[in-house]
Amino acid sequence: GQNIDQPTEMTATEGAIVQINCTYQTSGFNGLFWYQQHAGEAPTFLSYNVLDGLEEKGRFSSFLSRSKGYSYLLLKELQMKDSASYLCAVLGSARQLTFGSGTQLTVLP
Amino acid sequence: NAGVTQTPKFRILKIGQSMTLQCTQDMNHNYMYWYRQDPGMGLKLIYYSVGAGITDKGEVPNGYNVSRSTTEDFPLRLELAAPSQTSVYFCASSYLQISGNTIYFGEGSWLTVV
């Protein structure tokens with residue numbers, strides 16, 4: 001089976017940096033995804049890590065440590081529009097994509 | 001560019017009724033998934049398929065059935081609707097080799113069982 005944990009809620013200030021952590025335990029690993037989801041909408045892709053290390057894409061970066069079963073999503077220069085739910089998802093050995101419960105981020109002015 | 005198309009977008013069902021959520025993709029993807037999302041929660045995998053004729057259970061399959069007779073279609077069937085099945089349902093599809101931004105989601109189907 002697969003178990004994915006991430007904080008339920010986080011709050012940060014506009015212009016700041018926030019780190020959202022995700023820990024996982026899986027039977028097989030074929031990559032880790034981060035998605036952003038605004039209320040009432042489908043998830044949208046942010047990042048994908050399959051090897052250890054940091055992937056940077058503009059204001060968003062994602063880190064993976066496979067030996068620790070750990071990832072984080074780093075958001076820089078926070079904007080009000082970044083208020084959303086952030087979902088960590090792991091691709092297992094049978095190609096099933098399992099999501100965590102999501103972290104609701106609120107960006108305050 | 002149709003991508004992943006789900007129908008209906010909204011539906012109200014009475015307890016005990018049955019219905020099928022349709023999902024079609026026009027990208028020739030091998031993998032297709034059905035998820036449900038309850039308010040304030042993440043996505044829970046109901047069923048998935050790695051190709052035509054092959055389906056597998058996910059985390060929460062009870063009360064649902066699926067079929068994959070063609071590459072394009074992956075319908076989700078609710079046989080005896082229950083209030084616990086009130087949720088938002090998302091269909092998704094992807095390439096055989098999943099990497100990066102290759103998982104596509106439908107827009108979601110809002111289902112209420114009363």
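Refer to the structure presented above.
Residues numbered from 1 in each chain as written. Chains lettered and ligands numbered in written order. Predicted model: local features only at pLDDT ≥ 70, side-chain atom pairs only at ≥ 80, totals over all residues. Heavy atoms only, no water.

Structural notes on the environment of Pro 83 of chain B
Residues and elements named next belong to chain B.
Stage number 1. Considering the arrangement of structural elements, one finds Pro 83 in the loop between β8 (76-78) and β9 (87-94).
Stage number 2. Taking relative accessible area as the criterion, Pro 83 reaches 45% and is therefore assigned partly exposed.
Stage number 3. Between the C-alpha atoms of Pro 83 and Asp 26, which are 57 residues apart in sequence, the distance is 32 Å. (Helix = DSSP H or I, 4+ residues; strand = E, 2+ residues; numbered from the N terminus. Buried < 20%, exposed > 50% of the residue type's maximum accessible area, 1.4 Å probe, protein only.)

Looking at the nonpolar core
Stage number 1. One finds Phe 33, Tyr 35, Leu 97 and Phe 99 of chain A together with Tyr 33, Tyr 35 and Phe 105 of chain B to be the most contacted residues of the largest nonpolar core, which totals 21 residues.
Stage number 2. Of all the secondary-structure elements, those providing two or more residues to this core are β4 (32-37), β5 (44-49), β9 (84-91) and β10 (97-99) of chain A together with β4 (31-37), β5 (43-51), β9 and β10 (103-105) of chain B.
Stage number 3. Once residues within four sequence positions are removed from consideration, Tyr 35 of chain B is found in contact with Leu 97 and Phe 99 of chain A together with Leu 43, Lys 44, Leu 45, Ile 46, Val 88, Tyr 89, Phe 90 and Phe 105 of chain B.
Stage number 4. Counting 20 residues, the second largest nonpolar core, distinct from the first, contains Ala 12, Leu 32, Leu 64 and Leu 73 of chain A. (Core = buried A, V, L, I, M, F, W, Y, C linked by side-chain atoms within 4.5 Å. Contact = heavy atoms within 4.5 Å.)

A look at unusual backbone geometry
Stage number 1. The linkage connecting Thr 7 of chain B with the following residue, Pro 8 of chain B, adopts the cis geometry, with an omega of -5°.
Stage number 2. Here Pro 8 of chain B shows up in the loop between β1 (4-7) and β2 (10-13).
Stage number 3. For Glu 77 of chain A, which is not glycine, the phi torsion reads 45° and is therefore positive.
Stage number 4. Inspection of the secondary structure assignment puts Glu 77 of chain A in the loop between β8 (70-75) and β9.
Stage number 5. For Asn 28 of chain B, which is not glycine, the phi torsion reads 60° and is therefore positive.
Stage number 6. Note on Asn 28 of chain B: relative accessible area 58%, which makes it exposed.

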